[in-house]
Amino acid sequence: MKVFRKNELLFPRRVRKGPQKGELIWEPLHHQRVLQVVHNPRYAGAFVWGRRKGRRLPNGHTAVEFVAPDEWISLVPGAHAGYVTWKQYQANQQRLLENAKAHGDDRRQSPPREGPALLQGLLLCGRCGDRMNVRYSMHHGGQQVPTYLCDRDHTRVGAPTCQSLPGASLDEAIGTLLVEMVTPLALEVALTVQDEIQSHLAEASRLRKMQVERAQYEADLARQRFMNVDPNHRLVADGLEADWNAKLRALQDAQERCDREHAADRAPLTAEQRARVLALATDFPRLWRDPKTPPRERKRMIRLLIEDVTVNRGDAITAHVRFRGGSTRTLTLPIPLRAWELKKTSSAVMTEVDTLLESHTPGRIATILNQNGHRSGDGRLFTRKMVADLVKDHEALKSRYERLRNRGFLTQEEIAERLGITPDTVRTWARHGLLRTHPYTDRGQCLYEPPGEHPPRKMQGHKLTDRSVLS
Ligand SMILES: [Zn+2]
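The structure contained in this document is the topic of the report that follows. (Residues numbered from 1 in each chain as written. Predicted model: local features only at pLDDT ≥ 70, side-chain atom pairs only at ≥ 80, totals over all residues.)

Our focus in this paragraph is the sheet that holds strand S10 (residues 163-166). The strand order across the open sheet built from three strands is S8-S9-S10, with neighbouring strands paired in antiparallel fashion. A strand with exactly one partner marks an edge of an open sheet, and here the two such strands are strand S8 (133-138) and S10. Ignoring which end each strand starts from, the neighbouring axes of this sheet average 30 degrees apart. Summarising the sheet, strand S9 (residues 144-150) and S10 pair through four bridges and their orientation is antiparallel. If you follow Tyr148 over to S10, its bridge partner there is Leu165. (Pairing = 2+ DSSP bridges. Helix = DSSP H or I, 4+ residues; strand = E, 2+ residues; numbered from the N terminus. Axes fitted to C-alpha atoms, helices over the stretch in contact; angles between N-to-C directions.)

Looking now at the nonpolar core. Membership of the largest hydrophobic core comes to 23 residues, with the highest contact counts inside it found for Leu119, Leu123, Ile174, Val309 and Val311. At the level of secondary structure, the elements contributing two or more residues to this core comprise strand S7 (123-125), S9, helix H5 (167-181), strand S11 (306-313) and strand S12 (316-323). Not counting residues up to four positions away in its chain, the partners in contact with Val311 are Leu123, Cys125, Gly126, Leu165, Ile317, Thr318 and Ala319. Residues Phe409, Leu410, Leu435 and Leu447 belong to the second largest nonpolar core, which totals 13 residues. (Core = buried A, V, L, I, M, F, W, Y, C linked by C-beta atoms within 7 Å. Buried ≥ 20, exposed ≤ 12 C-beta atoms within 10 Å, placed from the backbone. Contact = placed C-beta atoms within 7 Å.)

Reading across the sheet, the four strands line up as S7-S11-S12-S13 and stay open at both edges, with mixed pairing between neighbours. Strand pairing shows two members of the sheet lacking a second neighbour, S7 and strand S13 (328-334), which therefore form its edges. Across the sheet, the mean angle from the axis of one strand to that of its neighbour is 25 degrees, orientation sign disregarded. Here three bridges tie S7 to S11, and the two strands are oriented parallel to one another. Opposite Cys125, over in S11, you have Val311 as the bridge partner. Relative to the sheet, H5 contacts S11, S12 and S13, its axis offset from that of S13 by approximately 140 degrees.

Quick look at the pairing of strand S2 (residues 24-28) now. Counted residue by residue, S2 has zero buried out of five residues, so it is predominantly exposed. Two strands pair when backbone bridges link them, and strand S1 (residues 10-14) and S2 are joined in this way by five bridges, in the antiparallel orientation. In the sheet register, Pro12 faces S2, and the bridge partner there is Trp26.

Between its terminal C-alpha atoms H5 stretches 21 Å, which fits the 21 Å expected from 15 residues at 1.5 Å a residue. Gly167, Leu170, Asp171, Ile174 and Leu178 are the residues of H5 that are buried. Mapping the buried residues of H5 onto a view down its axis gives an arc of 100 degrees, with all of them on the same face. (Expected span 1.5 Å × (residues − 1). Arc of directions from axis to C-beta.)

The topology assignment puts Ser169 in helix H5. Placed 23 residues apart in sequence, Ser169 and Pro146 show a C-alpha to C-alpha distance of 9.8 Å.

Mapped onto the elements, Arg127 comes out in the loop between S7 and S8. A tally of 14 C-beta atoms within 10 Å means that Arg127 is categorised as partly exposed. Taking C-alpha positions, Arg127 is 6.6 Å from Asn312, a pair spaced 185 residues apart along the chain. Look past the residues within four positions of Arg127 in its chain and what remains in contact with it is Cys150, Cys162, Gln163 and Asn312.

Here it is as structure tokens:
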């Protein structure tokens, strides 16, 4: 590209759409164009078909993307004269691939590793488009609980985690979706698509057969010429014989290539194979739900069916699922409750928490609940955080702060203003019992009872320890 730029060379491009469609224009060479050319096997003299395929996007548009060379439907190296040899082309591809690995971000699908997270390597972040990682935490009871997180920049440059979401409920929802989708009807459609692909293969195969026929024709012609020559013309006969041999070799090559590629094509499904595929659909839900099916197998199945899943965590979790066949589904899941909340806290506990919040902080409430013999839904002792989360997650439970505010209690700033003193003095007076406080956290944050008819006043010269309005 630099050489082209330096020498002010232009590169041709065929206009594909618009008013100039079909015209050839000359323009400066761009990086993108260089890549197009070096990746295109046509410049190495090969005939290729099926390099690109369209796929449906979640928004209904179609994107055309290149498929890996081993998925090309037809490839005939040496079909015509090339600018580089097929060997050079392959060497170039290898080098480009290595360069991409060295410089590009690794966005390939990671293999299904051990661990139960079903969507490992299939999950794309809906915010930044990166592939998401999985992290396991040990649940008490020895179970691995997966969390999906987009944290590439976090690991690389220490940026904050882009987003993270609990894996268990997402895996579960995707599993349910699969069981719904993999029905005999859905597979019937898939088989029809397969038939369609088969007809393209037949076309490619027909082209290859034509090449063999042409080679055969030329070989026959050469033979005829050799047979017809007067044996006395030794030189002419020798030349024709060599030509005939060359043509025969070409025929053999063409025939071999044709056979080889024909064998590589997927053979059409037999009636028996179709029946087995359809039987799998009936069997799939059972296999999927069977607790004896190892996670590795489930992950393998999910990879056969799903291309990728794009997730976004907002008020809820949205997951765009792209199936291999091209269809898409969108799931919306509520942000799941914390693990210990999945097992519902008993209503007796909820009622007691509701009462205790009137006069106690979360930490104190946890202690009281435990003393009274209550346990969480999954049989654990309550902690301050568990009580705080319970309040946060249940709208019916008003927070202690809210309750105190409703009772007319004041913040430090409010009471300072009301009494015409500084917030510092408020704290000092509270410490000496001149103001009554009500804590709403276990870290000493509190609200102040309104001072009433006879508020404390500033009395210089009197020791605070000697004063007590409240006692
Ligand atoms: Zn992200």
